[in-house]
Amino acid sequence: MPADLVPLASTSQIERTPSREDEEDLRAFGCKLIHEAGILLKQKQVAVATAQILFQRFWYTTSMKQFGIGDIGMECPLRMRDLINIYDLLLQRTSHTLSSPKPKDPFKYAPMSYFGNTFYDLKDALVVAEMQILKRLGFNVHVVLPYGTLINYLRVLGLTSRKDACARAWGYLNDALQTPVYALYAVPTIVSAAILLASRHLQISLPSSPPHCWWDLFDAPWEDVWSVCGYVMRLYRERAPEERMRVLRLMGKKDVRGWLEANAVVQS
């Protein structure tokens, strides 16, 4: 198999990440914002998936104390005004969720004034975010998406006739974009994890007894495959309303700093 040229996080970068569970939730929320913005801006899945992977990779090079989730998630090769308007809508909706006394209160978007400070503040944040992403990633924004690999693996395993298995595995790959796995593991490992989850949930029998384990065909270590499955399944865990609201309150770098100080979390 050819060497993987996609940069992955080093051990030291992984160890420096603060407050694992809360950071995972913040990253997932940032990726959801990117996904929602992509839908509203009518972007293709390839562009949205690439943005989410670069977003996850960025947080292994810097701290959430230095940059806000909303600022970094806003970077995208589109007309600046369109992007700013969409993110202003999404951020207003988040603020409405935090301030609304009743969960079912309708949200009404208030367009920003073209002559006010909001647009220019977001514009400045967007320019800074673009420079910082390129600088901290060393201008290496190469991304390998997993979809073609998934199709090839399903063919090898004889699962292309099972539309339910194909759709479920594809869905797990999309859900995995909300986790850091694309910055931690090679694509064959992530695809193998998606197939494993799909086959387990649909009760599809695949050869899993040594020395005839199907994931060995794709050079995917079992420990890493199982770890990726754990990342994905944690997305589906039930969260208390307080947990959801805490994540929404940590959108900005100042909010993260205050939370870290209040909870005595020390970063190196």
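Right, let's walk through the structure included here. (Residues numbered from 1 in each chain as written. Predicted model: local features only at pLDDT ≥ 70, side-chain atom pairs only at ≥ 80, totals over all residues. Heavy atoms only, no water.)

## Overview of the side chain of S199
Locating S199 in the fold gives a position in helix α10 (residues 187–201). You can call S199 buried: its relative accessible area is 6%. Non-local contacts of S199, meaning those with residues more than four positions away in its chain, are made with I204 and L206. (Helix = DSSP H or I, 4+ residues; strand = E, 2+ residues; numbered from the N terminus. Buried < 20%, exposed > 50% of the residue type's maximum accessible area, 1.4 Å probe, protein only. Contact = heavy atoms within 4.5 Å.)

## Things to note about the pattern of salt bridges
Scanning the entire structure with this criterion turns up four salt bridges. Across the salt bridge formed by R93 and E36, the nearest N and O atoms sit 2.7 Å from each other. With a gap of 57 residues between them, R93 in helix α5 (residues 80–99) and E36 in helix α2 (residues 20–40) connect regions that are remote in the sequence. Of the charged contacts, one joins D164 and R162 as a salt bridge, the two residues approaching to 2.9 Å between their closest N and O atoms. On the basis of relative accessible area, D164 is assigned to the partly exposed category, the value being 36%. (Salt bridge = Lys/Arg side-chain N within 4 Å of Asp/Glu carboxyl O.)

## Structural notes on the nonpolar core
Within the largest apolar cluster, 77 residues are counted, with the highest numbers of intra-cluster contacts made by W59, I72, L173, V181, Y182, I195 and W214. When residues of this core are assigned to their parent elements, the largest contribution, nine residues, is made by α10. With residues near it in sequence (within four places) discarded, I72 still touches F55, F58, W59, F67, A129 and I133. (Core = buried A, V, L, I, M, F, W, Y, C linked by side-chain atoms within 4.5 Å.)

## With respect to the packing of aromatic side chains
In the structure shown here, the tally under the stated rule is 10 aromatic pairs. Measuring from ring centre to ring centre gives 5.8 Å for F55 and W59, while their planes differ by 80 degrees; the resulting arrangement is edge-to-face. Among the residues examined, W59 registers a relative accessible area of 1% and is labelled buried. In this structure an aromatic cluster arises from ring pairing among Y153, W214, W215, F218, W222 and W226. (Phe/Tyr/Trp six-rings, centres within 6.5 Å; stacked < 30°, edge-to-face > 60°.)

## What about the packing of α5 against helix α6 (residues 117–136)?
Where α5 meets α6, the axes come as close as 10 Å, and the angle between the chain directions of the two elements is 110 degrees. If you check the angle between α5 and α6, you find them roughly perpendicular. Along the contact surface, α5 presents M80, R81, L83, I84 and D88, while α6 presents T118, F119, L122, K123, L126 and V127. (Axes fitted to C-alpha atoms, helices over the stretch in contact; angles between N-to-C directions. Parallel < 35°, antiparallel > 145°, perpendicular 65-115°, else oblique.)

## Some remarks on the packing of helix α8 (residues 163–176) against α10
Two packed helices can be described by the angle between their axes and the distance between those axes. Close contact between α8 and α10 brings their axes to 8 Å; oriented N to C, the two are set at 130 degrees. Judged on the interaxial angle alone, α10 and α8 are oblique. Read as a crossing pair, α8 and α10 show a hand that is right-handed. Taking contact as the criterion, the partners of A165, R168, A169, Y172 and L173 in α8 are, on α10, I190, V191, A194, L197, A198 and H201. In the contact of α8 with α10, the residues fall into nine nonpolar, one polar and one charged. (Left-handed = near helix turned anticlockwise from the far one by under 90°. Nonpolar A, V, L, I, M, F, W, Y, C, P; charged D, E, K, R; others polar.)

## Let's talk about the side chain of D25
Here D25 shows up in helix α2. Residue D25 is classed as buried on the basis of its relative accessible area, which comes to 7%. Separated by 3.2 Å, the side chains of D25 and R237 make a polar contact. The residues contacting D25, other than those within four sequence positions of it, are R237, R239 and V247. (Polar contact = N/O pair within 3.5 Å; in protein donor to acceptor, adjacent residues only side chain to side chain.)

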